[in-house]
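# Examination of the molecular architecture
Each chain is listed here by its residues.
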There are 2 protein chains.
Amino acid sequence: MDLQQRIASRQGEFLLFAFTPPRLATGPRKAQEIADVTFERLAHLGVDGLILYDIDDEADRNPAERPFPFLPTMDPADYLERHLEAWPTPVVVYRATAKYSEDELRAWIASQDPATRMTVLVGASSREKPVATTLRRAQELRAEVAPDLLLGAVAIPERHTGRGDEHLRLIAKQEAGCSYFVTQVVYDVNAAKNLVSDYAYECRDRGLDPLPIAFTFSVCGSMKTLEFLRWLGVDVPRWIENDLRHADDTLDASVEHAEATALELIPFCRHLGVPCGLNIESVSIRKVEIEASVRLAERLGGNLARGSA
Amino acid sequence: MDLQQRIASRQGEFLLFAFTPPRLATGPRKAQEIADVTFERLAHLGVDGLILYDIDDEADRNPAERPFPFLPTMDPADYLERHLEAWPTPVVVYRATAKYSEDELRAWIASQDPATRMTVLVGASSREKPVATTLRRAQELRAEVAPDLLLGAVAIPERHTGRGDEHLRLIAKQEAGCSYFVTQVVYDVNAAKNLVSDYAYECRDRGLDPLPIAFTFSVCGSMKTLEFLRWLGVDVPRWIENDLRHADDTLDASVEHAEATALELIPFCRHLGVPCGLNIESVSIRKVEIEASVRLAERLGGNLARGSA
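Everything numeric here is computed off the predicted structure, so don't read it as measured data.

Below, the discussion takes up the side chain of Lys193 of chain A. Structurally, Lys193 of chain A is set in helix α8 (residues 189-206). Exposure remark for Lys193 of chain A: the relative accessible area of 7% places this residue in the buried category. Those residues in contact with Lys193 of chain A that lie beyond four places of it in its chain are Glu264, Leu265 and Phe268 of chain A together with Trp239 of chain B.

Here is the structure:
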């Protein structure tokens, strides 16, 4: 079964690897070099799919200074078509809908081959942001012009901790045509469990089949990366922060924490009947952190029920 | 090694079982019957010690209606001397210091045999409460009249979640002569880990040896008991609440949750070099819940490093 079949049938588990396109200022030759390195780094992983993020300047959503400067990146769809065309699995392209006009989004969605492409549509990062197309409208466009293109949405356990209604947002996204979710980076396993549990029981009460949720994990090689994770909205429990701060090797310790968290969530989801996937990334672009995220994906892949994959 | 030696040497782990004396209105014959049943129920457990709580009407600390009505209970020290004198291990008697005059407390403390008795002094449950003796003053009295009587204090992970300074309160209690801590009932393992971790690193920074922490677990046989746990200030994560609500057998499910939480905390404490103990109780006085708490203690006892005990 390929990724789309697993998601559509709500069976089987899957492994994704996510990254961000190179900086906008990157020339075509350098962009191809980067793509080639990425290709080589990931080729042996046996992932079921890639994710390409669509980065937006989110300075407006957090008044604190961004620990790493914001640098505009290449459009993920362009980068994919120009430099990663040969990648053998389906690719999930994120779209920050606020950045694009309806016409742009409609044209892009219509041009995607559902056999090899999927998308996750993401709404504006704050209410103050100018919005070219709302998330709701973009979801409607997808339903109109490409109902077969598998649509995903973000799930944010931290929002559930604060407001307690993230499971209802997931249900609303499900009703708007989404067929899978990808979480924000998970460090707080309890927050993730609370969301999955409330979602599972809400589905049961409404007679809905729960959709697959891909839990995102990122390694963390320094206190600066930790600060960046927090800036992105990730709750890092104090005990994990203390452990990373005092570890002989922060990066290795973070790989172990992420692995332990993933290995706690997989059986938890199985028990509740919520299909699950894992999505591995590195929020930092440092080479050692990217390589550690590849090691994390290697270690986790074998723990998923992926049939012959 | 007996309980006092384990605590004083900060080595070895220990198992405690806690309960509340019978209602104040209980006649002497009935009180002895209750004590005999308790004795019989606990005799085979091989606990290292008992805890007897000193219950105060805490209606002032929580404006919500108490799920179980407050009924005054016998004085734990009186109950112990009159009805449980034959119990073979050390007994920890709680003292809600606000209830007693300095003279009463001084006389009681001075009369305790440090070989068979320990105490945990507890402060007022709210700032609005009339206070006969403050916790601080009671700690001073203990240091003056019975420096050998092992003094403990309560540790509240939930307070750490809210204010982030519970580890500093533990250090202050340590400096006031405490030699162990007993937590409030733990359902939120993350909150407990955050407190232990912050406490361990604070001790390290100050060159102090961490004191033993006994983690308290209570089973939960009904949604009413869950409501009571919440009323007492215990954070029960949503996913555990959901699981208990939908379980075929809520009580059995709660035993499994408590066991899993304890088995997560024991290696966590060992890794951080914080000596740990377990304290099992039932916040409900229903017979099935008390019996389930005994089963929980049975299941957990073998997981502690208790030497030949």
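Picking up after the structure, the text goes on.
So, on to the interface of chain B and chain A. Facing the 15 residues of chain B at the interface are 16 residues of chain A. By the criterion of area lost to chain A, the three top residues of chain B are Asn190, Tyr201 and Trp239 of chain B, representing 36% of everything that side buries. Run the count over chain B and chain A and you get twelve residue pairs in polar contact (both at pLDDT 80 or more). Of all elements in the fold, only α8 (189-206), α10 (238-246) and α11 (250-272) of chain B reach the threshold of two or more residues within the side of chain B that touches chain A. With six residues, the single largest contributor to the side of chain B that touches chain A is α8 of chain B. Within the side of chain B that touches chain A, the residues separate by chemical class into four nonpolar, six polar and five charged.

Even without glycine at this site, Arg10 of chain A takes up a positive phi of about 55°. Examined against the element boundaries, Arg10 of chain A turns out to sit in the loop between α1 (3-9) and β1 (14-19).

Residues and elements named next belong to chain B. A rise of 1.5 Å per residue sets the reference length of α11, with its 23 residues, at 33 Å; its end C-alpha atoms lie 33 Å apart and thus fit the reference within 8%. Sitting at the amino-terminal end of α11 is Asp249, which places a side-chain oxygen 3.0 Å from the backbone nitrogen of Leu251. Just downstream of α11, Gly273 is the residue with a positive phi angle, here 75°.

Further remarks concern the relation of the copies chain B and chain A. The operation relating chain B to chain A is a screw motion whose rotation component is 180°, with 0.0 Å of axial translation and a residual RMSD of 0.0 Å. Both copies of the chain, as the preceding transformation shows, are related through a two-fold rotation axis. Closest to the rotation axis within chain B is the C-alpha of Asn190 of chain B, separated from it by 3.6 Å. When the interface residues of chain B are mapped onto chain A, 100% of them again fall at the interface, so both copies present the same face.

Before going further, it helps to examine the pattern of salt bridges. Tallied over the entire structure, the rule returns 59 salt bridges over all chains. For Arg137 of chain A, the salt bridge goes to Glu140 of chain A, with nearest N and O atoms at 2.9 Å. In this pair, Arg137 of chain A and Glu140 of chain A both sit in helix α5 (residues 135-145), three residues apart, roughly one turn of the helix. One salt bridge in this structure joins Glu264 of chain B and Lys193 of chain B, with 2.8 Å as the shortest N-O distance. Note that Glu264 of chain B is positioned in helix α11 and Lys193 of chain B in helix α8, a separation of 71 residues in sequence. One network of salt bridges, with partners in common, ties together Glu102, Asp103, Arg106, Arg137, Glu140 and Glu144 of chain A.

Basis of the calculations
- Residues numbered from 1 in each chain as written.
- Chains lettered and ligands numbered in written order.
- Predicted model: local features only at pLDDT ≥ 70, side-chain atom pairs only at ≥ 80, totals over all residues.
- Heavy atoms only, no water.
- Helix = DSSP H or I, 4+ residues; strand = E, 2+ residues; numbered from the N terminus.
- Buried < 20%, exposed > 50% of the residue type's maximum accessible area, 1.4 Å probe, protein only.
- Contact = heavy atoms within 4.5 Å.
- Buried area = accessible area lost by both parts, 1.4 Å probe.
- Polar contact = N/O pair within 3.5 Å; in protein donor to acceptor, adjacent residues only side chain to side chain.
- Nonpolar A, V, L, I, M, F, W, Y, C, P; charged D, E, K, R; others polar.
- Expected span 1.5 Å × (residues − 1).
- Least-squares fit on C-alpha atoms with pLDDT ≥ 70 in both.
- Salt bridge = Lys/Arg side-chain N within 4 Å of Asp/Glu carboxyl O.

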